[in-house]
Amino acid sequence: MSKPLIELRNLTKRYNNTTAVDGINLTIKENEFVTLLGPSGCGKTTTLRMIGGFEDPDEGEILFEGKLLNNVPAYKRNVNTVFQRYALFTHMNVYENVAFGLRVKKIPNSEIDRRVKKMLKMVDLEGFENRNVDSLSGGQQQRVAIARALVNEPKVLLLDEPLGALDLKLRKEMQIELLDMQRSLGITFIYVTHDQEEALTMSDTVVVMNKGVIQQVGTPEDIYNEPINRFVAGFIGESNIIEGVMLEDYKVSFDGMVFDCVDKGFAPNEPVDIVIRPEDIRIVVNPEEGMIKGRVTSVVFKGVHYEMIIESDTREYLVQRTKMFPEGSIVGMNVQPADIQVMKRGSTPCNEEEG
Amino acid sequence: MQRRGRIAYPYTVWMVIFIVVPLFLILFYSFTEGDIHNIKDLRFSLNGYKKVLEPIYLKVIGDSFLLAGISTLICLIIGYPVAMIIANTDAKYRNLLLTLFIVPIWMNFLLRTYAWMSLLSPNGFLNRVLMWLGLPKLEIMPGKGAVLLGMVYNFLPFMILPIYTVLSKIDKSVIEAAHDLGGNNVVTFMRIILPLSVPGIVSGITMVFLPAVSTFVISGLLGGGKAPLIGDLIEQQFLSSRNWHFGSALSIILMIMILISMAIMSRIDKSEPEEERRKI
């Protein structure tokens, strides 16, 4: 895409005896929408707060346009933040909240007025200038928080689970609005969330974190289709994770059978983890036509599809299909070689258990 | 609702006997003159109030408000930073620190004032230390300086507590947001922290000023009659001069002035949006 804007090098943060962020390296480019994704306590918010200047790293460097940012106080960084619970100034009205950053910078009143009005128009809050922020709904407070940050025309906007407190419908709307703003303003967004769907919907790049360590960096498609390890596969979407052995290039064995796959570059007979997404398992009525035979033990209607659990001799498979097969029926299952994702086992210093 | 209302009856009776009736008696005495032990001898008069207007007494009232005002200001100047320090202290040590400032009020008020007497008196501890160091004697007691010191010492916790409470409730992310938007520490304090802590300042001022303006113990013990305050004057009228009418008039005047000050303070408080109500 374009040139690097922020670089994190071996960034580490410890609290007492726990390591919140453990030596992460990451390059964020201009105009990129980067999402830090992971379960609570994975270090994503801490990373964001170090970029914002609210936490001092114990080790490592933060570079902004090639310059060291570590010792620059938060108020001198060309970065603005949308906080988790908005953190609006309750003693000021909407207008003054948005104008705060510009007033601090001693910008002439006429320009403040122009920029604040333009920003309020952009977030759809025209006519709310004199309202007390306490009298606004959650969604409106969120918009004030976004306007208050964006009015300063930062190079980077940091968003710390900004939609966490909103209901599902509003959240979906805001996701689209945020994306529109990011595209039209050409600002780099660094977005923290634990919601994998939100991450996949909005990002150019998803950074999956666990226990202070980056697990995988990639486009949403990469992350979903080719998870690098068990943790990423389990965290992003639903999946069947199976232990197997890579016999040779393009041949993987699990459950006593050998399957064709598209992966290579493993040692002969290397133990691996295999991911098969539930929607990638095809069901055939005649059990003999399937690679794997199984019995349907549970059927749940999910709207767009049926979610079925099919028990083979060795394990249970989670399968999502638009066509329903009744409980108790014996069916066959097929998987395309491209839908078998083979992952190195223990390739990153993480473990699967974690809330 | 009806039945719950009945629970308030004893309280109502208590209020009538110990607050309403005495108040009306004071009001009654302030507008009369004559022998207080002989109801028939009492007649309507404004002499009590006229006496309040005599320059010597006006000066006492003025002194009281001035001393109370100065001590409130000193309490605010000392108390605000202290409250800020406590609020910003690590949670582990915060309660310890807070307790250190509150412990003095666990001791009897009179006892504390007597302690200051023996510290400050012409041959007291302080002066003996000064003499031992070869420094000149400090003669602040009896006098206004000692009264001021006593007021600040006694009432400081009442300034620290409400300000601390408000400061500790301010969401940390609001302060971070101010930094994030380019506000340095001074700007963040002036535009965010100070305005948000106004309710604490207002109740602190009220809680210090009111007891300070009506105290007679501190001025009596540490002022030694050199700086009589309105409280001393009232006490004197009831206990030694036996002029209940003048004492009552003084009390009513003091009460009215306190009510006016409270009204002004609550106005300042209300002019700020009520961030207190917001729960995060």
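The following refers to the structure shown. (Residues numbered from 1 in each chain as written. Chains lettered and ligands numbered in written order. Predicted model: local features only at pLDDT ≥ 70, side-chain atom pairs only at ≥ 80, totals over all residues. Heavy atoms only, no water.)

A word on the overall build of chain B
Link 1 in the chain: A tally of regular secondary structure across chain B gives 14 helices and 2 strands.
Link 2 in the chain: The C-alpha extent of chain B, read off along each of the three principal axes, is 75 × 70 × 35 Å.
Link 3 in the chain: Within the span of chain B, comprising 280 residues, buried residues form 41% of the whole.
Link 4 in the chain: Long-range contacts, defined here as pairs at least 24 residues apart, represent 67% of the contacts in chain B between residues at least 6 apart.
Link 5 in the chain: For chain B, the exposed area adds up to about 16100 Å²; of that, 70% sits on carbon and sulfur atoms. (Helix = DSSP H or I, 4+ residues; strand = E, 2+ residues; numbered from the N terminus. Buried < 20%, exposed > 50% of the residue type's maximum accessible area, 1.4 Å probe, protein only. Contact = heavy atoms within 4.5 Å. Areas by Shrake-Rupley, 256 points an atom, 1.4 Å probe, with all protein chains shown as cover.)

Overview of helix α13 (residues 230–239) of chain B
Along an α-helix, a turn takes 3.6 residues, which lines up residues three or four apart on a common side.
Link 1 in the chain: Within α13 of chain B, 7 of the 10 residues are buried, which leaves it mostly tucked inside the rest of the structure.
Link 2 in the chain: Buried within α13 of chain B we find Ile230, Gly231, Asp232, Leu233, Ile234, Gln237 and Phe238 of chain B.

So, the sheet that holds strand β14 (residues 270–276) of chain A
Backbone hydrogen bonds hold the strands of a sheet together, and the pairing may be parallel or antiparallel.
All names here are of chain A.
Link 1 in the chain: Taken together, the 5 strands give an open sheet; going across it, the order is β13-β12-β11-β14-β20, and neighbouring strands pair in antiparallel fashion. What marks the edges here is a single partner per strand, and that holds for β13 (257–260) and β20 (341–344). Between one strand axis and the next, the sheet turns through 45° on average, direction left out of account. (Pairing = 2+ DSSP bridges. Axes fitted to C-alpha atoms, helices over the stretch in contact; angles between N-to-C directions.)

Focus on the interface of chain A and chain B
Link 1 in the chain: Listed by partner, the interface residues are 26 residues for chain A and 22 residues for chain B.
Link 2 in the chain: For the interface between chain A and chain B, the tally reads 1 salt bridge.
Link 3 in the chain: Salt-bridge contacts for Glu176 of chain B lead to Arg49 of chain A; the nearest nitrogen and oxygen are separated by 2.6 Å.
Link 4 in the chain: Run the count over chain A and chain B and you get 5 residue pairs in polar contact (both at pLDDT 80 or more).
Link 5 in the chain: Of the residues forming the side of chain A that touches chain B, the biggest block, 4 residues, is contributed by helix α2 (residues 94–104) of chain A. (Salt bridge = Lys/Arg side-chain N within 4 Å of Asp/Glu carboxyl O. Polar contact = N/O pair within 3.5 Å; in protein donor to acceptor, adjacent residues only side chain to side chain.)

Section: the pairing of strand β16 (residues 292–301) of chain A
Residues and elements named next belong to chain A.
Link 1 in the chain: In this structure, β16 lies alongside strand β19 (residues 330–334), joined through 4 bridges in antiparallel fashion. Residue pairing in the sheet places Arg295 in a bridge with Ile330 of β19.
Link 2 in the chain: Pairing between β16 and strand β17 (residues 306–311): 6 bridges, direction antiparallel. Its bridge partner being in β17, Val299 is matched across the sheet by Met308.
Link 3 in the chain: Hairpin connection of β16 to β17: 4 residues between the antiparallel strands, including Gly303 at a positive phi of 100°.

What about the packing of aromatic side chains?
Link 1 in the chain: The full count for this structure, using the stated rule, is 18 aromatic pairs over all chains.
Link 2 in the chain: Considering the side-chain rings of Trp116 of chain B and Tyr153 of chain B, the 5.3 Å spacing of their centres and the 70° angle between planes classify their relative orientation as edge-to-face. Remark: Tyr153 of chain B occurs in helix α8 (residues 144–169) and Trp116 of chain B occurs in helix α6 (residues 109–120); sequence separation between them is 37 residues.
Link 3 in the chain: By the ring-pair criterion, three or more aromatic residues cluster together here, those being Phe28, Tyr29, Phe238 and Trp244 of chain B.
Link 4 in the chain: Directly above the aromatic system of Phe89 of chain A lies the positively charged group of Arg148 of chain A, at a separation of 4.6 Å from the ring centroid.
Link 5 in the chain: Across the ring face of Tyr224 of chain A, the terminal group of Arg277 of chain A is positioned such that the distance to the ring centre comes to 4.1 Å. (Phe/Tyr/Trp six-rings, centres within 6.5 Å; stacked < 30°, edge-to-face > 60°. Lys NZ or Arg CZ within 6 Å of the ring centre and 35° of its normal.)

A word on the nonpolar core
Link 1 in the chain: Among the nonpolar cores identified, the biggest contains 67 residues, and Phe89 and Phe100 of chain A together with Met151, Leu167, Ile192 and Leu250 of chain B are the most heavily contacted of them.
Link 2 in the chain: If near-sequence neighbours (up to four positions away) are discounted, Phe100 of chain A is found in contact with Phe89 and Met92 of chain A together with Ala178, Leu181, Val187, Arg191 and Ile192 of chain B.
Link 3 in the chain: Core analysis: the next-biggest nonpolar cluster, separate from the first, contains 38 residues, Val94, Leu102, Ile107 and Met174 of chain A among them. (Core = buried A, V, L, I, M, F, W, Y, C linked by side-chain atoms within 4.5 Å.)

Focus: the sheet that holds strand β3 (residues 33–37) of chain A
Residues and elements named next belong to chain A.
Link 1 in the chain: On the basis of which strands lie adjacent, the open sheet formed by 6 strands has the order β6-β7-β8-β3-β9-β10 and mixed pairing. In this open sheet, the two strands that pair with only one neighbour each are β6 (79–82) and β10 (213–218). Each adjacent strand pair in this sheet contributes to an overall mean axis angle of 20°, direction not counted.
Link 2 in the chain: Bridge count between strand β7 (residues 156–160) and strand β8 (residues 188–193): 5 bridges; the pairing is parallel. Along β8, the bridge assignment pairs Val156 with Thr188.
Link 3 in the chain: Most of the contacts of helix α4 (residues 138–150) go to β6, to which it runs at about 175°, and overall it touches β6 and β7.

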